[in-house]
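Secondary and tertiary structure notes
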Amino acid sequence: MKIEENRVFDEIAIGDSAEIVRICTEDDFYVFASASGNHNPMHLAGHDGDGDGMPEAVAPAMWVGSLVSAVIGNILPGAGTLYRAQSLRFQGRAHAGDELVARVTVTDKRPPDGLVMATEVSRRSDGATILTGEAEVQAPARKMRFDDLEIPGLLIERHRHFDAIISRAEPLPPLPTAVIAPEEPKSLGGALLGARHTIIAPILIGDPAKIAAAAREIGASLDGIEIVEAADHLTAANIAVDLVAQGRAAALMKGHLHTDVMLKAALRKENGLRSGRRFTHVFVMDVPGVAHPLLVTDAAINIAPDLRTKMDIVQNAIDLAISIGIEVPKVGVLSAVETVNPDIPSSLDAALLSKMAERGQITGGLVDGPLAMDNAVDIAAARTKGIKGQVAGRAEVLVVPNIDAGNMLAKQLAYISHAEGAGVVMGARVPIILNSRSDDDKARLASCAVAALHEARLAGRLPTGELAAGRAAE
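Every value quoted in this text rests on a predicted model; they were computed, and no experiment measured them. (Residues numbered from 1 in each chain as written. Predicted model: local features only at pLDDT ≥ 70, side-chain atom pairs only at ≥ 80, totals over all residues. Heavy atoms only, no water.)

One recurring pattern in soluble globular proteins: nonpolar side chains tend to sit buried together. In terms of nonpolar packing, the biggest core is built from 57 residues, with I199 and V284 touching the most fellow members. At nine residues, helix α13 (residues 441-458) tops the list of elements feeding residues into this core. The next biggest cluster of nonpolar side chains, apart from the first, holds 29 residues, and it includes W63, V71, L76 and I130. (Core = buried A, V, L, I, M, F, W, Y, C linked by side-chain atoms within 4.5 Å. Buried < 20%, exposed > 50% of the residue type's maximum accessible area, 1.4 Å probe, protein only. Helix = DSSP H or I, 4+ residues; strand = E, 2+ residues; numbered from the N terminus.)

See below:
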């Protein structure tokens with residue numbers, strides 16, 4: 001908050017008061033836990049700190065107390081004030097979402113520079129008192145004004161979008177998933193993690209000895225897990241596709257094999273997984289600080305897609321976005337510029353895709369382009385360029401010109417913006433879970449959840465309205 005002009009001792013009278021209003025959030029409590037070292041689960045969203053079966057997200061008492069110091073340091077007396085003592089009595093509890101009022105009132109002056117102040121924090125909605133106390137401070141010695149102080153921004157690395165996607169997928173029947181060559185710890189661990197969360201029911205296909213060795217390395221049990229022996233990776237991939245054709249599997253999951261080996265089996269002519277659309281890859285990115293999941297496509301399969309392929313890229317991404325709860329996806333088709341330039345082919349493709357959506361050749365979402373990255377995701381940048389419409393500055397799906405741009409964008413989000421990425425191949429008869437070797441457990445579990453939600457929606461087991469309602473309730 002902005003610091004006001006301070007008040008020195010002689011300018012302050014008994015009875016003077018000041019207050020601030022602050023809505024407390026779950027992120028505030030994570031920042032406090034990081035700064036203070038107090039990791040009490042009572043204060044952290046998603047954790048049941050007292051064993052009653054419900055997460056609490058109770059505001060840490062000393063965080064509430066710190067609101068008093070904000071009034072004293074920013075307003076009354078303001079900049080230059082130093083604490084001498086503070087007593088606190090906690091009379092109630094605040095929770096994430098509560099709007100709190102912190103107030104101080106001068107009750108005594110003690111020359112040459114001492115002030116005694118009654119302190120209080122209450123909940124605005126019902127007036128309930130959360131905290132009372134008394135502060136003794138040293139008033140500032142000289143007048144000062146600070147128009148603005150630059151405070152470094154904080155990034156909360158919580159992946160709330162993935163948490164929401166996973167929580168929606170867990171109540172569904174486990175998705176029968178053929179896992180191809182899970183012969184090293186990460187790929188096997190991701191499949192078993194999905195099973196523990198009841199999101200997938202894995203069928204492991206590969207070398208049983210290597211699978212068993214990977215299980216021992218991560219200390220996991222394979223009891224109750226079906227294992228199908230395959231002599232090599234191509235055989236394993238073909239067996240997985242056969243299981244889909246037989247109705248025993250409703251998804252594929254890439255293990256420790258090359259992507260092109262898996263896709264060769266999926267694209268085979270006899271009993272393959274072709275659906276009439278091009279296979280395209282979609283990253284579902286959970287980017288800290290972004291209010292919605294961000295889909296990036298295609299960053300893994302189509303190297304230099306032509307216009308027809310981009311139509312499938314856009315349509316596949318819209319379909320997947322709807323499955324994870326984005327009711328009407330907003331698709332920004334990226335280029336280096338936001339105006340059509342005949343010398344930049346991606347700008348021409350973007351304009352054509354936008355017009356195709358307008359004419360009903362691409363359905364289910366709002367498509368706009370060409371958009372440069374800044375005016376696709378930032379409303380202020382879009383307004384500066386004079387770009388209007390429902391997509392500019394609000395894009396939830398980013399369609400890149402080629403695999404170079406997509407790969408760079410996805411890795412920039414992961415390594416600079418601390419995003420997690422769930423990977424799914426669309427356009428096949430069943431979703432294909434495609435993780436990177438560097439993905440952690442959260443990304444692998446989220447990939448399983450995204451695939452499970454998509455398959456459930458297509459099968460009519462999870463109506464779109466239910467997903468949208470769940471998203472609105474968060």
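This is not the end of the story, as more comes after the structure.
Looking now at the pattern of salt bridges. Under the definition given, this model contains 22 salt bridges. In this structure, the salt-bridge partner of R7 is D16, at a minimum N-O distance of 2.6 Å. In this structure, the salt-bridge partner of D242 is R268, at a minimum N-O distance of 2.4 Å. Of this pair, D242 sits in helix α6 (residues 233-245) while R268 sits in the loop between α7 (259-266) and β10 (280-286); the two residues are 26 residues apart in sequence, bridging distant segments of the chain. Using a relative accessible area of 29% as the deciding quantity, one classes D242 as partly exposed. Here the salt bridges share partners, and the residues they tie into one network are E5, E11, K143 and R145. (Salt bridge = Lys/Arg side-chain N within 4 Å of Asp/Glu carboxyl O.)

Nonpolar side chains collect at one region of the surface, where F146, L149 and I151 lie side by side and expose about 280 Å² of accessible area between them. Note on F146: relative accessible area 30%, which makes it partly exposed. (Patch = residues over 30% accessible without salt bridge, like charges linked within 9 Å, V, L, I, M, F, W, Y side chains within 5 Å. Areas by Shrake-Rupley, 256 points an atom, 1.4 Å probe, with all protein chains shown as cover.)

Attention now moves to unusual backbone geometry. Going from P111 to P112, the amide bond is cis rather than trans, its omega being 10°. Position of P112 among the secondary structure elements: in the loop between β3 (99-110) and β4 (114-123). Note the cis peptide between T297 and D298, where omega equals -5°. Mapping D298 onto the fold places it in the loop between β11 (294-297) and α8 (307-323). Although it is not a glycine, T198 adopts a positive phi angle of roughly 55°. Relative to the elements of secondary structure, T198 occurs in the loop between α4 (185-196) and β7 (200-206).

Within the secondary structure layout, A321 lies in helix α8. Taking the C-alpha atoms as reference, A321 lies 40 Å from I20; in sequence the two are 301 residues apart. Non-local contacts of A321, meaning those with residues more than four positions away in its chain, are made with L295, I326, P329 and V397. (Contact = heavy atoms within 4.5 Å.)

In this fold, T177 is placed in strand β6 (residues 175-180). Its relative accessible area of 0% is what places T177 among the buried residues. Reaching out from T177, the side chain makes a polar contact with the backbone oxygen of L175 at a distance of 2.8 Å. Not counting residues within four places of it along the chain, the set of residues in contact with T177 comprises I200, A201, P202, I203, A251, L252, M253 and I433. (Polar contact = N/O pair within 3.5 Å; in protein donor to acceptor, adjacent residues only side chain to side chain.)

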